[in-house]
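# Observations on chain architecture
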Amino acid sequence: MRVRHAVVAGGGIGGLTAAVGLSRRGWRVTVCERAPVLTGIGAGIVLAPNALRALEAIGLGPGLGPGRDPALRAAGDALPIQVGLRTPDGTWLSRSDGGAVSARHGLSAIAVHRGFLIGTLAAALPPGVVHLGVSVTGLDDTGDTVTVRTSAGDLRADVVLAADGLRSALRTYLFPEHRGLRHAGEAGWRAVLPGAGLPDPQAAETWGRGERFGVVPLADGRIYVYATAVSGPGATPRTDHHAELTRRFGAWHDPIPALLDRLDRSAPDPVGILHHDFHELAEPVPRMHAGRVALLGDAAHAMTPNLGQGGCQAIEDAVVAAHLLTPAADVPTALAAYTRARHRRTTRISRRSRRIGELARLSHPLAVSARNLAVRATPRALSLRALDTILGWQPPSTPGPGTGPHRLKRLMP
Ligand SMILES: Cc1cc2nc3c(=O)[nH]c(=O)nc-3n(C[C@H](O)[C@H](O)[C@H](O)COP(=O)(O)OP(=O)(O)OC[C@H]3O[C@@H](n4cnc5c(N)ncnc54)[C@H](O)[C@@H]3O)c2cc1C
């Protein structure tokens, strides 16, 4: 049988995961990534149990299957113990430990540097799959095959996975009427700091009036910090990010001032601070596929980062697509099944993430007090249960020929 060819546009989290899944499914895969190097720009990333289970389904991850990746497993062993929500004076509004999530879902979330995740995914690919410095510039789907126009020439593909991120050009190609992105009302800063010499910081997000500060210890000992503030499409951010962060968060509870000190540009180990406005899709895409082309990750459902699920959903998409695209599958039929499997779930999660942003952006003192009271009054078990539909997701469980030696285990009690 002819080995069929999949072209993946974009070598980010979703594209590389899809490439790993499809390669292990027996496809010949070409990833076109427009950047000259694969980078993990974007500081840290939290991988929730649903994403870890999806990675395990393609032979990666810290779960229980024999195909686990030792590096990710090692990362999974160093879990943040405490997580919670605080107020700027340090009062805990809610608090939980990694053990509660793990007891409920069989796995805890892990936090890694994006560079580590991208590197782990790329290392799991056969040589020659990733083509760097190659942009996908257009597509021509004739029904039987797709001609992919790239900056390095045309490619012939049986299926195309468009994983070209937030500002996906292929989304516009598939759905020219789609309204595209909208500003999510916030901007954010992110950085990764060396952790040595700092008292063991606890993973927490602190909510003030329209501002948030997050601290997440990474598995490698570094500390991922992020902050958000209400912003609008026309806002011009101050370029001195450190001064701006200190102005906003310098008087908040420990260890935030110490972390901000460490961010100081004059520190011996200079640290880059990333600053971005947050965007999300203005409306869901009508479908996640058209013909032989599927949208995946942010290209399909760019969402706000409030639930930490954008990347996790990209990973789920990739694993489901690879599962449905058996070597003998009728591609348009498999992609229609992909839309059925993914569209409703990702639309709901995007909506939920937006609602959390609305709460976090509250700035009127009365509204903030009412919100904090409600968070404090919510029993821990209820908060955990509320996440079941997201974190309890199970990957498709019938590996077909060519999926590799892994075996899926049911991790939920
Ligand atoms: C502040 C913040 C915090 C976040 N925290 C989390 C978190 O903790 N957990 C989580 O799960 N998610 C998180 N997310 C969301 C997550 O970062 C994204 O959802 C995820 O990166 C999407 O992956 P992707 O593969 O779809 O897109 P990307 O990772 O953006 O990759 C797209 C790739 O396509 C390439 N590309 C673009 N156009 C072309 C083209 N024409 N041709 C070839 N290549 C192209 C780009 O160079 C890029 O490499 C966060 C997001 C933000 C903004």
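Everything here concerns the structure above.
Summarised in this report is the structure supplied together with it. (Residues numbered from 1 in each chain as written. Predicted model: local features only at pLDDT ≥ 70, side-chain atom pairs only at ≥ 80, totals over all residues. Heavy atoms only, no water.)

This part is about the pairing of strand β11 (residues 159–162). Of the two faces of β11, the one lined by V159 and L161 and the one lined by V160 and A162 are each fully buried. By the bridge criterion, four bridges tie strand β1 (residues 5–9) to β11 in an arrangement that is parallel. Directly across from A9, in β11, lies its bridge partner A162. Where β11 and strand β18 (residues 293–295) come together, three bridges link them in parallel fashion. Looking at β18, one finds that A162 is bridged to L295. (Buried < 20%, exposed > 50% of the residue type's maximum accessible area, 1.4 Å probe, protein only. Helix = DSSP H or I, 4+ residues; strand = E, 2+ residues; numbered from the N terminus. Pairing = 2+ DSSP bridges.)

Helical periodicity: at 3.6 residues per turn, an α-helix aligns residues three or four positions apart in one direction. For helix α2 (residues 49–57), the buried fraction is high: nine of the nine residues fall into the buried class. Once α2 finishes, G59 follows within two positions and takes phi at roughly 90°, a positive value.

With that out of the way, let us pick up the pairing of strand β10 (residues 153–157). Where strand β9 (residues 146–150) meets β10, five bridges bridge the pair, whose relative direction is antiparallel. Within β10, the position partnered with T150 by the bridge is G153. With antiparallel pairing between neighbouring strands as the criterion, β9 and β10 make up a hairpin whose turn holds two residues.

Take the nonpolar core next. One finds L22, W27, V29, L47, V148, L295 and L325 to be the most contacted residues of the largest nonpolar core, which totals 80 residues. Here the element with the most residues in this core is helix α10 (residues 310–324); it accounts for seven residues. Excluding its chain neighbours within four sequence positions, the residues that come into contact with L325 are L22, R25, W27, V159, V331, A334 and L335. Counting 18 residues, the second-largest nonpolar core is a separate cluster that includes V215, V225, A229 and L260. (Core = buried A, V, L, I, M, F, W, Y, C linked by side-chain atoms within 4.5 Å. Contact = heavy atoms within 4.5 Å.)

What follows is about the site of the ligand. What surrounds the ligand is a group of 28 residues, the closest being G14, E33, R114, D298 and C312. Taking E33, its side chain carries an N or O atom lying 2.6 Å from an oxygen atom of the ligand. Protein contacts shield 83% of the accessible area of the ligand, which totals 1,000 Å² for the unbound molecule. Those elements that provide at least two residues to the shell around the ligand are α1 (13–24), β2 (28–33), β3 (44–47) and α10. Here the residues of the shell around the ligand sort into 11 nonpolar, 11 polar and six charged. (Near = heavy atom within 4 Å. Polar contact = N/O pair within 3.5 Å; in protein donor to acceptor, adjacent residues only side chain to side chain. Areas by Shrake-Rupley, 256 points an atom, 1.4 Å probe, with all protein chains shown as cover. Nonpolar A, V, L, I, M, F, W, Y, C, P; charged D, E, K, R; others polar.)

On to the sheet that holds β18, then. In spatial order, the strands read β7-β2-β1-β11-β18-β17; together these six strands make up an open sheet with mixed pairing. One side of each edge strand has no neighbouring strand; the edge strands of this open sheet are β7 (130–132) and β17 (289–290). Of the pairings in the sheet, the one linking β17 to β18 comprises two bridges and is antiparallel in character. Across the sheet, H289 pairs through a bridge with A294, a residue of β18. Where α1 meets the sheet, its contacts fall on β1, β2, β7 and β11, and the angle it forms with β2 comes to roughly 170°. (Axes fitted to C-alpha atoms, helices over the stretch in contact; angles between N-to-C directions.)

The next point concerns the packing of α10 against helix α11 (residues 331–360). Orientation of α10 relative to α11, taken along the N-to-C sense of each, is 160°, at an axis distance of 9 Å. The angle between the axes of α10 and α11 places the two elements in the roughly antiparallel class. Considering only the axes of α10 and α11, their crossing is right-handed. Every residue of α11 that contacts α10 at Q313, E316, D317, V320, A321 and L324 is listed here: A334, A337, Y338, A341, R342, R345, T346 and I349. For the contact of α10 with α11, the per-class residue count stands at eight nonpolar, two polar and four charged. (Parallel < 35°, antiparallel > 145°, perpendicular 65-115°, else oblique. Left-handed = near helix turned anticlockwise from the far one by under 90°.)

Moving on: the sheet that holds β9. Across the sheet, which stays open at both edges, the three strands sit in the order β8-β9-β10 with antiparallel pairing between neighbours. Edge positions in the sheet fall to β8 (136–141) and β10, since each of these pairs with one other strand and no more. Each neighbouring strand pair of the sheet contributes to a mean axis angle of 20°, computed without reference to strand direction.

So, on to the side chain of T150. One can find T150 in strand β9. In this structure T150 comes out as buried when scored by relative accessible area, which is 11%. A distance of 2.9 Å separates the side chain of T150 from the backbone nitrogen of A152, its partner in a polar contact. Within the local environment of T150, its side chain forms a polar contact with the backbone oxygen of G153, the two atoms lying 2.6 Å apart. The residues contacting T150, other than those within four sequence positions of it, are C32, V134, S135, V136, T137 and L155.

With that settled, the discussion passes to unusual backbone geometry. Peptide bonds are trans in most cases, and residues, glycine excluded, mostly fall at negative phi. With an omega of 5°, the peptide bond between D254 and P255 qualifies as cis. Within the secondary structure, P255 is located in the loop between α7 (241–249) and α8 (256–263).

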